[in-house]
Structure formats: C-alpha cells, structure tokens
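# Examining the three-dimensional arrangement
So you can see what is in the structure, the chains are spelled out below.
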Amino acid sequence: MDDHTKPLEKQASNKNIKYLLTLLNLELMSSSWILLNGQYTIGRLLNHQIILDDVTVSRNHASIDINNEKVKITDNNSTNGIYVNDNLIANDAIIKSGDKLQIGKFQLLFTKV
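Right, let's walk through the structure included here. Note that the structure is predicted; figures quoted are calculated from it, not measured.

### Thoughts on unusual backbone geometry
Phi is positive for asparagine 85, which is not a glycine, with a value near 50°. Positive phi, normally seen in glycine, also occurs at aspartate 86, with a value near 70°. Structurally, the position occupied by aspartate 86 is in the loop between strand 7 (82-84) and strand 8 (87-88).

As structure tokens, this is what we get:
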C-alpha cells in the first residue's frame, strides 16, 4: 500500500481544503492519503485511488466525495459495509474531521489538515 501513498506537502498558495485519511491498524504498515476536492474510490482493485488489499474489502467497496467542507462516504453495496465511529451506515454518511472509519479489517482516521 505504501507504493500508492502520496507524501504530505504544505502548499501555502493552495486554497483548497485538504484532508488526510490515515491507516490506524498497528500491525499493518502506516499509510496516508491526501484528499482534496473531488471523488476518491476505495477497494481492492488497482484502479482505485485508495487501495485496501484484503478479502474483507470489496473490489469496489466505497467512494468519498469532497466538496470543500462537505464530505460524504458512500457504500457501493459492499459485503462487509462501512462503519463510521462504530456505527454501520445504510448507504452513505457525512463525515467530518476526527471520524474513525472501518472498512473491512482496516481502521482509518479522517482528519482536516
């Protein structure tokens, strides 16, 4: 997963709001993804921006849509669902900085940078 991690860079001229999605599992290598405005797909396949390679994650598990301060995570009919702060979401949920996500066996922290 580290091959797909982008380094965090401070850019004073960039007015976009930045978010960081950080893998919290202690037994796995640390990974983080920088998220700006746009859509990010999550799954096991290599064509996703956020690749979580484990059978507990569906091939096309979820997506995160960011529009400035509004951030929504959507479950793409995954087998194991998505938990936000230990609550299973039905279809989608608004997430905010400090929320903990559970996707398959992966625990992730969503924070505003």
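### Observations concerning the pairing of strand 1 (residues 19-23)
Across the five residues that make up strand 1, a large majority, five, are buried. Burial along strand 1 is two-sided: the residues Tyr19, Leu21 and Leu23 and Leu20 and Thr22 are all buried. Pairing of strand 1 with strand 2 (residues 32-35), which is carried by four bridges, proceeds in the antiparallel orientation. Looking across to strand 2, one finds that leucine 21 is bridged to tryptophan 33. Pairing of strand 1 with strand 11 (residues 106-112), which is carried by five bridges, proceeds in the antiparallel orientation. Considered in strand 11, the bridge of leucine 21 is made with phenylalanine 110.

### Here's the deal with the pattern of salt bridges
Overall, the coordinates contain three salt bridges when judged by the stated rule. Between aspartate 54 and lysine 105 there is a salt bridge, and its shortest N-O distance comes to 3.4 Å. A residue pair is termed long-range when its members are at least 10 positions apart, and aspartate 54 in the loop between strand 4 (50-51) and strand 5 (62-67) and lysine 105 in the loop between strand 10 (99-103) and strand 11 qualify at 51 residues. The class of aspartate 54 is buried, set by a relative accessible area of 18%. With relative accessibility at 35%, the residue lysine 105 sits in the partly exposed group. Note that aspartate 99 and lysine 96 form a salt bridge whose closest N and O atoms lie 3.3 Å from each other. Exposure remark for lysine 96: the relative accessible area of 54% places this residue in the exposed category.

### Here we look at the sheet that holds strand 4
Ordered by their spatial adjacency, five strands build an open sheet running 4-3-5-6-9, and the pairing between neighbours is mixed. One side of each edge strand has no neighbouring strand; the edge strands of this open sheet are strand 4 and strand 9 (92-95). Two elements, strand 5 and strand 6 (residues 70-75), share six bridges in a ladder whose sense is antiparallel. Bridge pairing links asparagine 67 to lysine 70 in strand 6.

The rules behind these values
Residues numbered from 1 in each chain as written. Predicted model: local features only at pLDDT ≥ 70, side-chain atom pairs only at ≥ 80, totals over all residues. Heavy atoms only, no water. Helix = DSSP H or I, 4+ residues; strand = E, 2+ residues; numbered from the N terminus. Buried < 20%, exposed > 50% of the residue type's maximum accessible area, 1.4 Å probe, protein only. Pairing = 2+ DSSP bridges. Salt bridge = Lys/Arg side-chain N within 4 Å of Asp/Glu carboxyl O.

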